[in-house]
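Secondary and tertiary structure notes
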Amino acid sequence: MKITAQEEYGLRILIRIARCGDENGLSIPQLSEAEGLTPHYVAKLTRQLRLGGFAKSTPGQKGGYILSKPSCEININQVLKTLGGALFDKEFCAAHIGALNLCTNSVDCSARSLWKVIQFAVDQVLDKMTLADLCGREESVKKLHELLLARNSYTETLL
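Every value quoted in this text rests on a predicted model; they were computed, and no experiment measured them. (Residues numbered from 1 in each chain as written. Predicted model: local features only at pLDDT ≥ 70, side-chain atom pairs only at ≥ 80, totals over all residues. Heavy atoms only, no water.)

**Some thoughts on the nonpolar core**
Counting 27 residues, the largest nonpolar core has I13, L14, L49, I76 and V79 as the members making the most contacts within it. Looking at this core, the elements that each hand over two or more residues are α1 (5-19), α3 (39-51), β2 (65-67), α4 (76-84), α7 (131-134) and α8 (138-158). Of all the elements, α1 adds the most residues to this core, at five residues. If near-sequence neighbours (up to four positions away) are discounted, L14 is found in contact with L49, F54, L67, I74, V79 and L131. (Core = buried A, V, L, I, M, F, W, Y, C linked by side-chain atoms within 4.5 Å. Buried < 20%, exposed > 50% of the residue type's maximum accessible area, 1.4 Å probe, protein only. Helix = DSSP H or I, 4+ residues; strand = E, 2+ residues; numbered from the N terminus. Contact = heavy atoms within 4.5 Å.)

If you want it as structure tokens, here you go:
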């Protein structure tokens with residue numbers, strides 16, 4: 001499994017927008033310079049973030065991008081799925097049938113159950129994270145992640 005460049009850069013742009021204190025937000029050239037990306041690529045990513053309902057543009061010559069809602073209401077799982085999709089979804093098997101019209105493992109597929117478990121575990125962590133959680137310094141965010149993982153491990157042992 002890999003995190004795509006689109007997911008990484010899109011999330012970084014959204015974090016940068018969330019941290020911005022200017023009511024006009026950050027422009028595409030400002031985001032481009034800050035992240036070392038082309039303006040064209042930043043425009044593509046901000047468009048996806050805007051269509052996903054996470055960012056909106058402010059009008060005018062000094063306009064830029066701001067969050068469309070408070071950072072504590074922006075779910076990281078939804079952001080990443082907007083930018084790149086789920087690791088495993090209902091269309092996954094249909095997209096990986098090989099040269100045949102129907103997957104030879106469509107009835108009994110142990111690999112499919114692995115991907116479902118991985119997607120479930122990823123969703124469990126990412127559904128608990130908001131953009132606000134990622135706007136702190138790296139050390140505080142790392143501690144939050146460790147707490148979430150410990151909480152998940154504790155809950156699983158109780159079940």
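**Side note on the pattern of salt bridges**
Close approach of charged atoms lets side chains of opposite charge pair. Inspection of every chain in the model, using the stated rule, returns four salt bridges. With a closest N to O distance of 2.6 Å, R12 and E35 form a salt bridge. Of this pair, R12 sits in helix α1 while E35 sits in helix α2 (residues 28-35), placing them 23 residues apart in sequence. Among the residues examined, E35 registers a relative accessible area of 12% and is labelled buried. Among the salt bridges present, the one from D123 reaches K81, with a minimum N-O distance of 3.2 Å. In this pair, D123 is assigned in helix α6 (residues 110-126) and K81 in helix α4, connecting sequence segments 42 residues apart. Taken together, the shared-partner salt bridges connect E8, R12, R16 and E35 into one network. (Salt bridge = Lys/Arg side-chain N within 4 Å of Asp/Glu carboxyl O.)

**With respect to the packing of aromatic side chains**
In the structure shown here, the tally under the stated rule is one aromatic pair. Ring geometry for Y9 and Y41: centres 6.0 Å apart, planes at 85°, overall edge-to-face. Here the residue Y9 occupies a position in helix α1, and Y41 occupies one in helix α3, the gap between them amounting to 32 residues. (Phe/Tyr/Trp six-rings, centres within 6.5 Å; stacked < 30°, edge-to-face > 60°.)

**Regarding the side chain of D123**
The exposure class assigned to D123 is buried, which follows from its relative accessible area of 16%. Reaching out from D123, the side chain makes a polar contact with the side chain of N77 at a distance of 3.0 Å. Sequence-distant contacts of D123, that is, excluding residues within four places in its chain, are made with N77 and K81. (Polar contact = N/O pair within 3.5 Å; in protein donor to acceptor, adjacent residues only side chain to side chain.)

**As for the environment of I74**
Relative to the elements of secondary structure, I74 occurs in the loop between β2 and α4. With 59 residues separating them along the chain, I74 and D133 place their C-alpha atoms 9.8 Å apart. What I74 contacts, discounting residues up to four positions off in sequence, is L14, F54, L67, K69, V79, M129, T130 and L131.

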